[in-house]
Every structure is written in structure tokens, then in C-alpha cells.
Amino acid sequence: MILDLDIGNTLSKWRLKDANSSEIRSRGAVWTREEWRPGSDIPDLDVVEAVRISSVARKTVLQETVSLLRRKVGAVHVAHSAPEALGVINGYKEPERLGVDRWMGALAGYQLAGGCCAVDCGSAITIDFVLPGGRHLGGYILPGLRLMKESLKLGTRNVAIDPDSEAEELLAPGRRTVEAVNHGIYMAAVSAINRVYAEVCDTEGVALPLLMTGGDARVVSRGIQVPHAVWPDMVYGGLEACFPLTAAERAGRMSGAPYVPVPVSLEKIRAGLAFSMLL
Ligand SMILES: Nc1ncnc2c1ncn2[C@@H]1O[C@H](COP(=O)(O)OP(=O)(O)O)[C@@H](O)[C@H]1O
Ligand SMILES: CC(C)(COP(=O)(O)O)[C@@H](O)C(=O)NCCC(=O)O
Ligand SMILES: [K+]
């Protein structure tokens, strides 16, 4: 079994993948905290022959996790942001400072779709661009839905957006504080993604496939008008691409990868942008 770990600022996600059949056998998440420990909802390490880790948590969390795992598992692979990997050139001036979850998403998106816009809606919302040919442009970081809500301190922090809500409902003016807050932050997230996508495609002269991941991807995606795909395992896809262990992975296949969304034409993207700016 292969254990894949995606340690975010809020949640540490894991999944167990069968090295022979490539099937995902189980998955789960625990709060990111001092140390990642095998426990009730975390897999039994006896069946694990290799671990792959993407972590944006504090260095000590990663160090402790790795030293715990190294005692029990033969192969522990830790992903790092690099100046170049798998045909993608990191756009950061200091490439190692790019969040490794963003780097994993960019690599996975590039492997799947050639160029892409990779959006990760977690504690933060990140929007990264990779052009066909592999140049990563860098990206945008904004607070995630939960962080935006917590920063307001209006006593609404415990009333989450219902992930099953329709976008239309969430974009309407709120008529109570909690509704005004939820609809406001939803509007902020959705309009930022729509706008950034259109602006960068316009500037670069290319309509890029849009891929979304993260805990809030499903609800945010309902407000995104252009074609896109939600890929919950996108960060894991980057781990598979960087550290291929199975035959399927060595052939470039990533578990749970979606069909590549066909973007609308650049003309349509530009028309939408002009319309929204009343040009
Ligand atoms: N069951 C859940 N528990 C906690 N957060 C959730 C849950 N479902 C959705 N979320 C949302 O997902 C976010 C965490 O998403 P995730 O992509 O795991 O973040 P990160 O990678 O930053 O840890 C939270 O900030 C919250 O808005
Ligand atoms: C931007 C992030 C906080 C997003 O993390 P997440 O919301 O997935 O927990 C993370 O990618 C990070 O710590 N990045 C380092 C800074 C940067 O990418 O520029
Ligand atoms: K994120």
C-alpha cells in the first residue's frame, strides 16, 4: 500500500492506494496539529510500503511526521517546490518559497491538461497559471471562505455555508447578518476566480483549462461560469507525478483525474471581460 499525505493549514488529508491495482482503498482527514500520528481514523502503517507527502504546515510538524514515519516505513518521499520539474518552470523568483501544494497542483494540472489554471480552495484560495509549454506564471493568494468569515468577527463564524447551496442563492443579497456574510464571502471568492481567470487568459492570449481542488472546491465551483473540472485529488496527482511508484503512475496516469474541461474560446473570454468592465 502507498500512503499519500496532503498536510494543509486546516486539515491533513490521507489516502491509501493499492500499489498493485492502483485502487484507492481508503481515505480520511484529521485536523492539522502538532504531529501527524497514526490513530483511530489513520491507517495502520504495517500495510504501508511507501509514503508520499506534501506539507505546508510548520516545519516542525513535517519533521516530526517524517521521523515518525521513517521508523515504520521503508520509503518516505517528501515533495519540495523546485525551479523546474516535469516540464514546468516555476514562476516564483525564489522557487522554493512557492507553497508545495500549489506546486503539486500545477504539476498535476500540467501533466493532465498541458497548460492550466489551477485553483485550490482551502484555508487560502490559490490561483496558479501554467502556460502550454510549461511556464508557470505565479499566481494569486486570497483568504479562503472560512478565514474570510472569521476575520469579520460578526458572531457568524460557526455558521458555515451549506455546501449543497445553489450558487444563485449564495450570490443574492443577504437579508440577515449571517446570510450577508456568507453571500459576501462567496461573491468575493467566485468573482476573484472568474476575473483572474479571464484577465490572465486575455493577457497571455490563451484559453486555459480550469481545474479546481480543495475543501471548498465543490461549492465555489458552482459559481464559476466558465467550463472547469473539480479534481479533489489534484495535490495527490502531483505526488504521483513526482514520485511514480505503480505501473499506471509511471505511464503518467493519476488516480481520480477528471476529463480535461474544454475551455470556451478566447474570444468569448475576452467578450465576457469587456462586458463585465462595460467596455
Ligand atoms: N468537513 C470539513 N471540515 C473542515 N473544513 C471543511 C470541511 N468541509 C469543507 N471544509 C472547508 O474546507 C477548508 C479546508 O479545506 P482544505 O482544502 O483541506 O484546506 P487546507 O489544505 O488549507 O487544510 C476549510 O477551511 C473549510 O472552509
Ligand atoms: C498559500 C498557502 C497558505 C495555501 O495553503 P492551504 O490553504 O492549502 O493550506 C500555502 O500554499 C503556502 O503556505 N504557501 C507559501 C507561500 C506562497 O505560496 O507564496
Ligand atoms: K489552498
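The rules behind the values
- Counting starts from 1 at the beginning of each chain's written sequence and moves along it residue by residue.
- Each chain is given a letter, starting from A, and each ligand a number, starting from 1, according to the order in which they appear as written.
- Given that the model is predicted, a residue must reach a pLDDT of at least 70 before its local features are reported, and side-chain atom pairs must reach 80 or more before they are shown or counted; all residues, however, enter totals for whole chains, interfaces and linings.
- Only heavy atoms go into the side-chain values, all of them from the structure, while hydrogens and water stay out.
- Going along the chain from the N terminus, every DSSP run of H or I of four or more residues is numbered as a helix, and every run of E of two or more is numbered as a strand.
- As a reference, a globule follows 2.2 Å times the number of residues to the power 0.38, and the radius of gyration itself is taken over C-alpha atoms.
- Throughout this description, buried means an accessible area under 20% of the type-specific maximum (1.4 Å probe, protein chains only), exposed means over 50%, and partly exposed covers the range between.
- What makes two residues a contact is simply this: any of their non-hydrogen atoms within 4.5 Å.
- Areas reported here follow the Shrake-Rupley algorithm with a probe of radius 1.4 Å; residue values treat only the protein chains shown as occluding.
- Counting rule applied: Lys, Arg positive; Asp, Glu negative; His and chain ends not counted.
- For the purpose of locating charges, the reference atoms are NZ of Lys, CZ of Arg, CG of Asp and CD of Glu.
- A pair of aromatic rings is counted whenever rings of Phe, Tyr or Trp (Trp by its six-membered ring) have centres within 6.5 Å, and the orientation is called stacked for planes under 30 degrees apart, edge-to-face for over 60 and tilted otherwise.
- Where each domain starts and ends comes from a domain assignment, either automatic or drawn from a database.
- Buried area is understood as the total, over both parts, of accessible area removed when two parts are fitted together, assessed with a 1.4 Å probe.
- Definition used for salt bridges: Asp or Glu carboxyl oxygen within 4 Å of a side-chain nitrogen of Lys or Arg.
- Polar contact criterion, stated in full: a pair of N or O atoms within 3.5 Å, where within protein one must be able to donate a hydrogen and the other to accept it, and residues adjacent in sequence count only if both atoms are side-chain atoms.
- Note on terminology: a nonpolar core comprises buried Ala, Val, Leu, Ile, Met, Phe, Trp, Tyr and Cys residues joined through side-chain atoms within 4.5 Å.
- Put simply, a residue is near a molecule or strand once any heavy atom of it comes within 4 Å of that molecule or strand.
- Cavities and pockets were defined on a 1 Å grid built over protein atoms only: a cavity is a set of grid points that admits a 1.4 Å probe from which the probe cannot escape, a pocket is an open set flanked by protein on both sides within 12 Å along at least five of seven lines, and lining residues are those with an atom within 4 Å of any such point.
- What decides whether a molecule sits in a cavity or pocket is whether more than half of its atoms lie within 2 Å of the grid points.

**Remarks on the overall build of the protein**
Point 1. When helices and strands are counted, the protein shows 9 helices and 12 strands.
Point 2. Here the protein has a C-alpha radius of gyration of 19 Å; the compact-globule value for 279 residues is 19 Å, and the two agree.
Point 3. With the principal axes as the frame, the protein shows a C-alpha extent of 60 × 45 × 35 Å.
Point 4. Per-residue burial for the protein yields a buried fraction of 48% across its 279 residues.
Point 5. Within the protein, contacts between residues separated by at least 24 positions form 59% of all contacts whose residues are at least 6 apart in sequence.
Point 6. When the accessible surface of the protein is totalled, it reaches about 13700 Å², and 54% of it is carbon and sulfur.
Point 7. Charge centroids of the protein, computed over 30 positive and 32 negative side chains, lie 3 Å from each other.

**Some points on the packing of aromatic side chains**
Point 1. Under the criterion given, the structure shown has 1 aromatic pair.
Point 2. Aromatic pair Phe129 and Tyr140: ring centres 6.5 Å apart, planes at 80 degrees, arrangement edge-to-face. One end of the pair, Phe129, is in strand β9 (residues 124-130); the other, Tyr140, is in strand β10 (residues 136-143), and 11 residues separate them in sequence.
Point 3. The exposure class assigned to Phe129 is buried, which follows from its relative accessible area of 1%.

**A look at the domain arrangement of the protein**
Point 1. Annotation of the protein at the domain level lists domain 1 (2-78) and domain 2 (84-278).
Point 2. One C-alpha centre belongs to domain 1, the other to domain 2, and the line joining them spans 24 Å.
Point 3. In this complex, domain 1 contributes 22 residues to the contact, which on the side of domain 2 involves 17 residues.
Point 4. The junction of domain 1 with domain 2 conceals about 1600 Å² of combined surface from both sides, 56% of it contributed by carbon and sulfur atoms.
Point 5. Of all residues in domain 1, Arg15, Arg52 and Ser54 give up the largest surface area on contact with domain 2, accounting jointly for 32% of the area buried on that side.
Point 6. Here domain 1 and domain 2 share 6 salt bridges between them.
Point 7. The salt bridge partner of Glu249 is Arg52, with a shortest N-O separation of 2.8 Å.
Point 8. Between domain 1 and domain 2 we count 13 residue pairs in polar contact (both at pLDDT 80 or more) in total.
Point 9. Contributions of two or more residues to the side of domain 1 that touches domain 2 are made by β1 (2-7), β2 (11-17), β3 (24-31), β4 (50-55) and β5 (75-78).
Point 10. In terms of residue count, β4 provides more of the side of domain 1 that touches domain 2 than any other element does, 5 residues in total.

**Things to note about the nonpolar core**
Point 1. Counting residues in each nonpolar core, the largest one holds 35 residues, and the members touching the most others are Val119, Ile125, Ile127 and Ile193.
Point 2. Counting only elements with at least two residues in this core, the list comes to β8 (116-121), β9, α3 (145-152), α4 (167-170), α5 (177-204), β11 (210-213), α6 (217-221) and α9 (266-276).
Point 3. Element by element, the count of residues in this core is highest for α5, at 10 residues.
Point 4. Dropping the residues within four chain positions of it, Ile125 is found in contact with Val119, Asp120, Tyr140, Ile141, Leu142, Pro143, Gly144, Met148, Ala189 and Ile193.
Point 5. Formed by 23 residues, the second largest nonpolar core is a distinct cluster that contains Val100, Ala108, Cys116 and Leu211.

**Focus on the pattern of salt bridges**
Where side chains of opposite charge bring their charged atoms close, a pairing between them can arise.
Point 1. Applying the stated criterion across every chain yields a total of 16 salt bridges.
Point 2. Taking the shortest distance from any N to any O, the salt bridge between Arg135 and Glu204 comes out at 3.8 Å. Pair noted here: Arg135 is in the loop between β9 and β10 and Glu204 is in helix α5, with a separation of 69 residues, a long-range link.
Point 3. Residue Arg135 is classed as partly exposed on the basis of its relative accessible area, which comes to 46%.
Point 4. Through salt bridges with shared partners, a single network forms among Asp4, Arg15, Lys17, Arg27, Arg52, Asp233, Glu240 and Glu249.

**Some remarks on the site of ligand 2**
Point 1. Around ligand 2, the structure places 14 residues, and the nearest of them are Tyr92, Gly99, Asp101, Arg102 and Ala124.
Point 2. For ligand 2, an oxygen atom lies 2.9 Å from a polar atom in the side chain of Asn9.
Point 3. At 2.8 Å, a backbone N or O of Gly99 approaches an oxygen atom of ligand 2.
Point 4. Under a 2 Å grid-point criterion requiring more than half of the atoms, the pocket assigned to ligand 2 is the largest pocket.
Point 5. Among the secondary structure elements, those contributing two or more residues to the shell around ligand 2 are α2 (100-113) and β9.

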